[in-house]
Amino acid sequence: MKNVYDFTVKDMNGKEVNLSEYKGKVLLIVNTATGCGFTPHYEPLEAMYKDLKDRGFEILDFPCNQFANQTPGDAEEIHTFCTLKFGADFPQFEKIEVNGENAEPLFAYMATEKPFQGFGKGLKNIALDKFAKKNNKIFGDKAYIKWNFTKFLIDREGYVVDRFEPTEDMDNVRKCVEDLLSK
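Just so it is clear, the model here is predicted, and its values are computed rather than measured.

Enquirer: Could you clarify how one ought to interpret the pairing of strand β5 (residues 151-154) in this entry?
Expert: Consecutive side chains of a regular strand alternate in pointing toward one face of the sheet and then the other. What you see with β5 is no split at all: Lys151 and Leu153 on one side and Phe152 and Ile154 on the other are buried throughout. For strand β3 (residues 26-32) and β5, the ladder comprises 4 bridges, and the chain directions are antiparallel. Looking at the pairing, Leu27 lines up with Ile154 of β5. As paired elements, β5 and strand β6 (residues 160-164) share 4 bridges and run antiparallel to each other. Looking at β6, one finds that Leu153 is bridged to Asp162.

Enquirer: Is there a simple way to explain the packing of aromatic side chains in this structure?
Expert: Aromatic ring pairs: the centre-centre distance and the angle between the two ring planes describe each pair. Scanning the model with the defined rule gives 13 aromatic pairs in all. Seen in terms of ring centroids, Tyr42 and Phe90 are 6.2 Å apart; in terms of plane orientation they differ by 10 degrees. Their pairing is stacked. Here Tyr42 is found in helix α1 (residues 42-52), whereas its partner Phe90 is found in the loop between α2 (75-86) and α3 (105-113), with 48 residues between them in sequence. Given the relative accessible area of 0%, Tyr42 is considered buried. Given a relative accessible area of 4%, Phe90 falls into the buried group. Taking the centre distance of 5.5 Å and the plane angle of 90 degrees together, the rings of Tyr42 and Phe149 count as edge-to-face. Of this pair, Tyr42 sits in helix α1 while Phe149 sits in the loop between α4 (123-139) and β5, and the two are 107 residues apart along the sequence. Just as Tyr42 is buried, Phe149 falls in that class too. Among the aromatic residues, ring-to-ring pairing joins Tyr42, Tyr49, Phe81, Phe86, Phe90 and Phe149 into one connected group.

Enquirer: Looking at this model, I keep getting lost on the packing of α1 against helix α5 (residues 170-181). Mind explaining?
Expert: Angle between the axes and distance between the axes are the two parameters that describe a pair of packed helices. Closest axis-to-axis distance for the α1/α5 pair is 11 Å, and the angle between their directions is 20 degrees. Considering the angle they form, α1 stands roughly parallel to α5. Classified by chirality, the crossing of α5 by α1 is right-handed. Only Met170, Val173, Arg174, Val177, Glu178 and Leu181 of α5 make contact with α1, whose side of the interface consists of Pro44, Leu45, Ala47, Met48, Asp51 and Leu52. Partitioning the contact of α1 with α5 into residue classes produces 9 nonpolar, no polar and 3 charged.

About the criteria used
Residues numbered from 1 in each chain as written. Predicted model: local features only at pLDDT ≥ 70, side-chain atom pairs only at ≥ 80, totals over all residues. Heavy atoms only, no water. Buried < 20%, exposed > 50% of the residue type's maximum accessible area, 1.4 Å probe, protein only. Helix = DSSP H or I, 4+ residues; strand = E, 2+ residues; numbered from the N terminus. Pairing = 2+ DSSP bridges. Phe/Tyr/Trp six-rings, centres within 6.5 Å; stacked < 30°, edge-to-face > 60°. Axes fitted to C-alpha atoms, helices over the stretch in contact; angles between N-to-C directions. Parallel < 35°, antiparallel > 145°, perpendicular 65-115°, else oblique. Left-handed = near helix turned anticlockwise from the far one by under 90°. Contact = heavy atoms within 4.5 Å. Nonpolar A, V, L, I, M, F, W, Y, C, P; charged D, E, K, R; others polar.

Quick look at the structure:
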């Protein structure tokens, strides 16, 4: 059965990284943006990373510019922004596409394993839902990710166990990570 360890991605410098290098770790794989309303997620993500990395936890950050052009910079500009503004210290990878014909295969796989279930309730969620419907029209069956800061939780064996939309409370994301680390 396929899992995330079967994928090779590129780090922010373009070097190929086989995700099997993360075997035995709990992973949170995130598509990010530097100019999004959810960009402040970097703060609780970094806090979680600092608190939990010694227990076998890694966050893998994949910048993406497919949502309202909210990540226009190159790899160095993105990395500088994330480290200076949020102190982000977790691995950052090459800017990717998460939808369409050029979607990063890792994200297509994860989204197929844990499909979109909605943004929830509230005004922000309704606004995002409208964008998701537009995205579905553009990318059809290749509209894997609906917005920036979608997070996938991967167990120590490399399997996708949960998906969190950007509207998910970060305290809940952390609780799920801690629960998985305790297993």
